[in-house]
Amino acid sequence: MDGALVANQGYLLTVLTFFPLLGTFALLLLKGDDHVWIRRLTLVTSIIEFILSLLLLRGFDISTGSYQLQEIYDWIPSLHIHYHMGIDGISLFLVILTTFLTPLAVLCSWNSIHEHVKEFFAMLLVLEMGMVGVFCSLDLFLFFLFWEVMLIPMYFLIGIWGHGRKIYAALKFILYTMLGSILMLVAILWLSRVSGTFDLVAIQSMLSSGQISLSWHTELLMFLAFMLAFAIKVPLFPLHTWLPDAHTEAPTAGSVILAGVLLKMGTYGMLRFCLPLFPEAAHRAAPVIAVLAIIGIVYAALVAMVQHDLKRLVAYTSVSHLGFVVLGIFVFNPVAMEGAIYQMLNHGVSTGMLFLVCGMLYDRRHTYEIKEFGGLLKPMPILCAFFLFACLSSLALPMLNGFIGEFMILIGVFDSHHFAWASWAATGAILSAVYLLWAYQRVAMEKVTVEKNEKLPDATPRERLILIVASLVILFMGIFSPMFTHRMDATTTALLQQVSNKGGYQVGALRSRPAPHASAVASSAHELALRSVSLERQARP
């Protein structure tokens, strides 16, 4: 066992990772036509998984930036492969986000899936296992295994239970992702050959101490191999073309999980692997990556404005908003990086809610064409109210979750003296208000032009429960963001210190003045939002 590894710290991560698989085996024991108990068992399994994930908060030490709750065992000793699990301030809330969105995905599929019901919910649970495993793995081989495992159920979710050109969308999704995965696998095998282990912690320790060193060209090639896989997953412009098709044709649950969790695996991979393993290459490539992120922010926002398909419009918002996250990562500023991590969580909830609303509209009209809607506020006031709330969250209205993340990213970019980058990125925030509010106007506010829309039923109790839970989380994250950012501080500081020192930079040299503490910025954002509300009230006659 490598000297860099530590003693086991419990079994919570193992239980959390494989509990959905246990639920899958239980599903297989039920009859295929027993749809009621299949749905109930899946829902109970996903809720228990969420409750288990909350236990991570109890045992998490916010004062340290190292990996916590680690579990380490020899798996394949002859190949130096370990079963190594652990979390830090980056992965903690991504695990909780995964377990939070899965029950919502189950509930939104309650009445919309009628064929191969057992197989559908089994795929959801296997997908959850793969996603949690990706965020907890600290061995490169184990990470790659979970990375590939979670692709299979998503491929089937799109290809079997999707709509329209579902086979085309599923193949495009799997081919794009596999292309990046192959190159990442080559880089993983090369790192293993050089270091003699697949363990991430051990490899990081060897690189930091100088036990192993990479030439400039080798480091660049390794960085590009990892980066391509993660850029496709984000997706970063111009590798984004698979996403609108996958979102448009996927079932509602697939879109919620895809936007809420799977896309975050790309930005998570950049933080977990690209920056600490290849810091010098990351610094040198940062200007190009940041420019591509800004192009994606503005380009995707402009394309979203001209979409006639509501679900496709929401899909392009993901490309735009994830551009903010990538930009926040590659300015190497503590405030921007913490804002990027927080924005990953925000996007998962707010865009997930937008896709939930899209799915509820589709269940009633079996179309996503915006021209087929119009005037829905009259027959469906409750559903349209939640739709507006989700739009306001996504466009970063103060007091809601999206505002904090984008605010921190832009502050961090400005603080790093990238004024042009921040200015261009800010236009994306403005454009998001344009396309989201215009979409809401066309769906809800205009006159009823289709006779069917006059008698559409409003949100059912089940749908109201889903949307209320999502709305409460959005409001909670917008008001109490320091509860999240405090748990990221130590990890982001340690990561930036490692990347800056190894890359030939000093953290203080990245800017001419000290950056404000990220949690302090989040608190300032709250005060700014509250002050704006107070001024608005005072201005009223």
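It should be noted that the structure appears before, not after, this text.
It is worth spelling out the overall build of the chain at this point. Helix and strand counts for the chain come out as 20 helices and two strands. Here the chain has a C-alpha radius of gyration of 22 Å; the compact-globule value for 541 residues is 24 Å, and the two agree. Once the C-alpha set of the chain is aligned to its principal axes, its extents read approximately 70 × 60 × 40 Å. For the chain, the proportion of its 541 residues judged to be buried stands at 61%. Intrachain contacts of the chain at a sequence separation of at least 6 include 83% that bridge at least 24 residues. Counting only carbon and sulfur atoms, one obtains 67% of the accessible surface of the chain, whose full area is about 20,100 Å². Counting 32 positive and 33 negative side-chain charges, the chain places the centres of these two groups 7 Å from one another.

A separate point is the nonpolar core. Counting 192 residues, the largest nonpolar core has Phe 223, Phe 226, Leu 262, Leu 275 and Phe 330 as the members making the most contacts within it. At 18 residues, helix 14 (residues 334–365) tops the list of elements feeding residues into this core. In this structure Phe 226 touches Met 184, Ala 187, Ile 188, Leu 191, Phe 273, Cys 274 and Phe 278, once residues within four positions along its chain are discounted.

With that settled, consider the pattern of salt bridges. Oppositely charged side chains may form a pair once their charged atoms are brought near each other. Per the stated rule, a full pass over the model turns up seven salt bridges. Between Arg 312 and Asp 245 there is a salt bridge; the shortest N-O distance is 3.4 Å. You can see Arg 312 sitting in helix 13 (residues 310–329) and its partner Asp 245 sitting in helix 10 (residues 242–249), a full 67 residues away along the chain. The class for Asp 245 is buried, based on a relative accessible area of 4%. A single network of salt bridges, built from pairs that share partners, joins Arg 165, Lys 172, Asp 245 and Arg 312.

Tracing the backbone through its elements, the reader meets Phe 135 in helix 4 (residues 117–136). Along the primary structure Phe 135 and Trp 147 are separated by 12 residues, whereas in three dimensions their C-alpha atoms are 9.5 Å apart.

Within the secondary structure, Thr 351 is located in helix 14. Judged by relative accessible area, Thr 351 falls into the buried class, the value being 0%. Sequence-distant contacts of Thr 351, that is, excluding residues within four places in its chain, are made with Ala 259, Val 314, Thr 317 and Ser 318.

Looking at chain direction, strand 1 (residues 68–76) and strand 2 (residues 81–87) are connected through six bridges and run antiparallel. Bridge assignment links Tyr 73 to a residue of strand 2, and that residue is Tyr 83. Hairpin connection of strand 1 to strand 2: four residues between the antiparallel strands, including His 80 at a positive phi of 60°.

Next up on the list: unusual backbone geometry. Here the amide bond leading from Val 234 into Pro 235 is cis, since omega sits at -5°, within 30 degrees of zero. By the element assignment, Pro 235 lies in the loop between helix 9 (216–233) and helix 10. That bond from Phe 237 to Pro 238 is cis: its omega, 5°, falls within 30 degrees of zero. Counting through the fold element by element, Pro 238 comes out in the loop between helix 9 and helix 10.

On to the packing of aromatic side chains, then. Within a pair of aromatic rings, the relevant descriptors are the distance that separates the centres and the angle that separates the planes. Per the stated rule, a full pass over the model turns up 28 aromatic pairs. With a centroid separation of 6.1 Å and an interplanar angle of 50°, the aromatic rings of Phe 18 and Phe 146 are classed as tilted. Remark: Phe 146 occurs in helix 5 (residues 140–149) and Phe 18 occurs in helix 1 (residues 12–28); sequence separation between them is 128 residues. The exposure class assigned to Phe 146 is buried, which follows from its relative accessible area of 4%. Aromatic pair Phe 414 and Phe 419: ring centres 6.0 Å apart, planes at 40°, arrangement tilted. Positioned above the aromatic ring of Trp 438, the side-chain terminus of Arg 442 is 3.9 Å from the ring centre.

As a packed pair, helix 9 and helix 12 (residues 279–305) sit with axes 9 Å apart at the nearest point and diverge in direction by 60°. When the axes of helix 9 and helix 12 are compared, the pair comes out oblique. For the element pair helix 9 and helix 12, the recorded crossing hand is right-handed. Taken together, the residues of helix 12 that come into contact with helix 9 (itself represented by Trp 216, Glu 219, Leu 220, Phe 223 and Met 227) are Pro 279, Glu 280, Ala 281, Ala 282, Arg 284, Ala 285 and Ile 289.

Between its terminal C-alpha atoms helix 13 stretches 30 Å, which fits the 28 Å expected from 20 residues at 1.5 Å a residue. In terms of burial, helix 13 is largely enclosed, as 19 of its 20 residues are buried. For helix 13, the N-terminal capping position is held by Asp 309, with its side-chain oxygen 3.0 Å away from the main-chain nitrogen of Lys 311.

With that settled, consider helix 12. Here helix 12 is 27 residues long and its end C-alpha atoms lie 37 Å apart, about the 39 Å a rise of 1.5 Å per residue gives. When the local axis directions of helix 12 are compared, the greatest deviation, roughly 50°, occurs at Ala 286, which is followed within four positions by the proline Pro 287.

Let's shift gears to the state of the cysteines. Counting across every chain of the model gives zero disulfides. Cysteine Cys 108 is unpaired, with the sulfur of Cys 358 as its nearest cysteine sulfur at 12 Å. Its sulfur unpaired, Cys 274 is 19 Å from the next cysteine sulfur, which belongs to Cys 136.

Below, the discussion takes up the side chain of Ser 53. By the element assignment, Ser 53 lies in helix 2 (residues 35–58). Engagement of the side chain of Ser 53 in a polar contact is seen with the backbone oxygen of Phe 50, the distance being 2.5 Å. In contact with Ser 53, other than residues within four places in its own chain, are Leu 16, Ile 96 and Thr 99.

Moving on, we come to the pairing of strand 2. With seven of seven residues buried, strand 2 is to be regarded as a mostly interior element. Residues Ile 81, Tyr 83, Met 85 and Ile 87 point to one face of strand 2 and His 82, His 84 and Gly 86 to the other, with burial holding for every one of them.

Parameters at a glance
- Residues numbered from 1 in each chain as written.
- Predicted model: local features only at pLDDT ≥ 70, side-chain atom pairs only at ≥ 80, totals over all residues.
- Heavy atoms only, no water.
- Helix = DSSP H or I, 4+ residues; strand = E, 2+ residues; numbered from the N terminus.
- Rg over C-alpha atoms; globule rule 2.2 N^0.38 Å.
- Buried < 20%, exposed > 50% of the residue type's maximum accessible area, 1.4 Å probe, protein only.
- Contact = heavy atoms within 4.5 Å.
- Areas by Shrake-Rupley, 256 points an atom, 1.4 Å probe, with all protein chains shown as cover.
- Lys, Arg positive; Asp, Glu negative; His and termini not counted.
- Charge placed at Lys NZ, Arg CZ, Asp CG, Glu CD.
- Core = buried A, V, L, I, M, F, W, Y, C linked by side-chain atoms within 4.5 Å.
- Salt bridge = Lys/Arg side-chain N within 4 Å of Asp/Glu carboxyl O.
- Pairing = 2+ DSSP bridges.
- Phe/Tyr/Trp six-rings, centres within 6.5 Å; stacked < 30°, edge-to-face > 60°.
- Lys NZ or Arg CZ within 6 Å of the ring centre and 35° of its normal.
- Axes fitted to C-alpha atoms, helices over the stretch in contact; angles between N-to-C directions.
- Parallel < 35°, antiparallel > 145°, perpendicular 65-115°, else oblique.
- Left-handed = near helix turned anticlockwise from the far one by under 90°.
- Expected span 1.5 Å × (residues − 1).
- Polar contact = N/O pair within 3.5 Å; in protein donor to acceptor, adjacent residues only side chain to side chain.
- Bend = angle between axes of the 7 residues up to and from the residue.
- Disulfide = S-S within 2.5 Å.

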